[in-house]
Amino acid sequence: MAGNTGAVKKGPRGPGRTGPVWPTHVALILAVLIISTPLIFAVIKSTQASSVVISPNMLPGGSFFDNLSSIWVEAKLGRYMLNSTIVAICVTTGKTILALMAALAFVYFRFPLKGAAFTLVLLSLMLPTEVLIIALFDFVSRDLKWANTFAAIIVPFLASATGTFLFRQHFLNIPTSLADAARIDGCGPLRYLTHILIPMSWNTIGALAVIQFVYAWDQYIWPLVIVQQDDKQVVQVGLRKLIEVGGQTDWGAVMAGAIITMLPPLIVFTLLQEQFSRGFALSEDK
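Criteria and thresholds
- Residues numbered from 1 in each chain as written.
- Predicted model: local features only at pLDDT ≥ 70, side-chain atom pairs only at ≥ 80, totals over all residues.
- Heavy atoms only, no water.
- Helix = DSSP H or I, 4+ residues; strand = E, 2+ residues; numbered from the N terminus.
- Contact = heavy atoms within 4.5 Å.
- Phe/Tyr/Trp six-rings, centres within 6.5 Å; stacked < 30°, edge-to-face > 60°.
- Lys NZ or Arg CZ within 6 Å of the ring centre and 35° of its normal.
- Core = buried A, V, L, I, M, F, W, Y, C linked by side-chain atoms within 4.5 Å.
- Buried < 20%, exposed > 50% of the residue type's maximum accessible area, 1.4 Å probe, protein only.
- Polar contact = N/O pair within 3.5 Å; in protein donor to acceptor, adjacent residues only side chain to side chain.
- Axes fitted to C-alpha atoms, helices over the stretch in contact; angles between N-to-C directions.
- Parallel < 35°, antiparallel > 145°, perpendicular 65-115°, else oblique.
- Nonpolar A, V, L, I, M, F, W, Y, C, P; charged D, E, K, R; others polar.
- UniProt positions renumbered as here; feature names shortened; annotations may be inferred.
- Patch = residues over 30% accessible without salt bridge, like charges linked within 9 Å, V, L, I, M, F, W, Y side chains within 5 Å.
- Areas by Shrake-Rupley, 256 points an atom, 1.4 Å probe, with all protein chains shown as cover.
- Salt bridge = Lys/Arg side-chain N within 4 Å of Asp/Glu carboxyl O.
- Arc of directions from axis to C-beta.

### Brief notes about the environment of L77
Here L77 lies in helix α3 (residues 77-108). The spatial distance from the C-alpha of L77 to the C-alpha of T261 is 9.0 Å, given a sequence separation of 184 residues. Leaving out residues up to four positions away in the same chain, L77 has contacts with L68, I71, W72, V235, L239, G257 and T261.

Structure representation (structure tokens):
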């Protein structure tokens, strides 16, 4: 008779599994806790009453909705969030459209000094808004008369060197035979962009949308300078106004406001996290 066939022979450990894995798990858990400590602190303090929030007490309270209601209407946090939502959506949409058209021109059109023009686009990445803020303020407020308007916060940020670079690199990986076939079929540049390139670029579009939405939502210095009317101000400046200088600050309300203002970017990232991951993935398919 055959030998015992019920015995199961253990195979060798997989690659890299030469020891216990619990130290790695412990290290990862500690790293997550350390990174999330500020968020955990803000969440706990946002639930505490004003008489408790400045104490070392780290037990959650039941005053979150009271803190939120005190700033949602009285401190105009709801209005500020609406303004930031409008600005972020407009900036994200405008940047995406202009970046797509610029990348289309750099990849599929021939014109003099194309390489030099693209180099200038990349060099603009080295010029943050803070460097140009004085000249930009004079141009927008004095020449364009756009002070205290949404246009002053939206239009100067519609051009995106980052988006142009991402879409250009993506379009370069698309076979040129596809563009030649579309040209033979009588497909114009804009039709080729809308019917072929955009459907093939949703991952890159999603990745750029996440970046630009968060960037537009977090604007602080430029809106603080160019907008003086509260009904046109953005949420980051509105949060700063909750912190009284030399007075009594309700830190519970401030923390509640900070938690609420984190939700829109978090929602956008959650909805587009798959496109965000695939948009920056380097694989043989791209």
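### Quick look at the packing of aromatic side chains
Counted according to the given criterion, the structure contains 9 aromatic pairs. One aromatic cluster is present, formed by Y108, F167, F171 and Y192 through successive ring pairs. Residue placement shows R168 over the ring face of F118; its charged tip is 4.1 Å from the ring centre. In this arrangement the basic side chain of K232 is found over the ring face of F150, its NZ or CZ atom lying 5.9 Å from the centre.

### Details of the nonpolar core
One finds L77 and I226 to be the most contacted residues of the largest nonpolar core, which totals 33 residues. Contributions of two or more residues to this core are made by α2 (64-72), α3, α5 (129-143), α6 (150-154), α10 (202-217), α11 (221-226), α12 (235-241) and α13 (251-261). Core analysis: the second largest hydrophobic core is formed by 20 residues, A103, F167, L193 and L208 among them.

### Quick look at the environment of N173
On the secondary structure map, N173 appears in the loop between α7 (161-172) and α8 (176-184). For N173, a relative accessible area of 46% translates into the label partly exposed. A distance of 3.0 Å separates a polar atom in the side chain of N173 from the backbone oxygen of Q169.

### A closer look at the packing of α13 against helix α14 (residues 263-271)
For the pair α13 and α14, interaxial distance at closest approach is 5 Å and the crossing angle is 25°. One finds that α13 runs roughly parallel with respect to α14. Note on element contacts: α14 touches α13 through L263, P264 and P265, opposite I259, I260 and T261. When the residues that make up the contact of α13 with α14 are grouped by side-chain class, the tally is 5 nonpolar, 1 polar and no charged.

### Looking at the UniProt feature "transmembrane region" (unreviewed entry) in the protein chain
Residues annotated in UniProt with the feature "transmembrane region" (unreviewed entry) correspond here to residues 21-44, 86-109, 116-137, 149-167, 192-215 and 251-272. Note that residues 86-109 is 96% helix and 0% strand, and that its end C-alpha atoms are spaced 34 Å apart. The span residues 251-272 shows a helical share of 91% and a strand share of 0%, and its end C-alpha atoms are spaced 32 Å apart.

### A look at a nonpolar patch on the surface
A grouping of W22, V26, I29, L30, L33, I34 and I40 is seen on the molecular surface, where their side chains present a nonpolar patch of about 720 Å² in accessible area. Using a relative accessible area of 57% as the deciding quantity, one classes W22 as exposed.

### Some thoughts on helix α9 (residues 189-197)
Turning to α9, its buried residues are Y192, L193, I196 and L197. In an axial view of α9, the angular spread of the buried residues amounts to 110°, which keeps them on one side of the axis. Residues L190, R191 and H195 are exposed on α9 and point more than 90 degrees away from its buried face. Those residues of α9 that are buried lie in contact with α3, α7 and α8.

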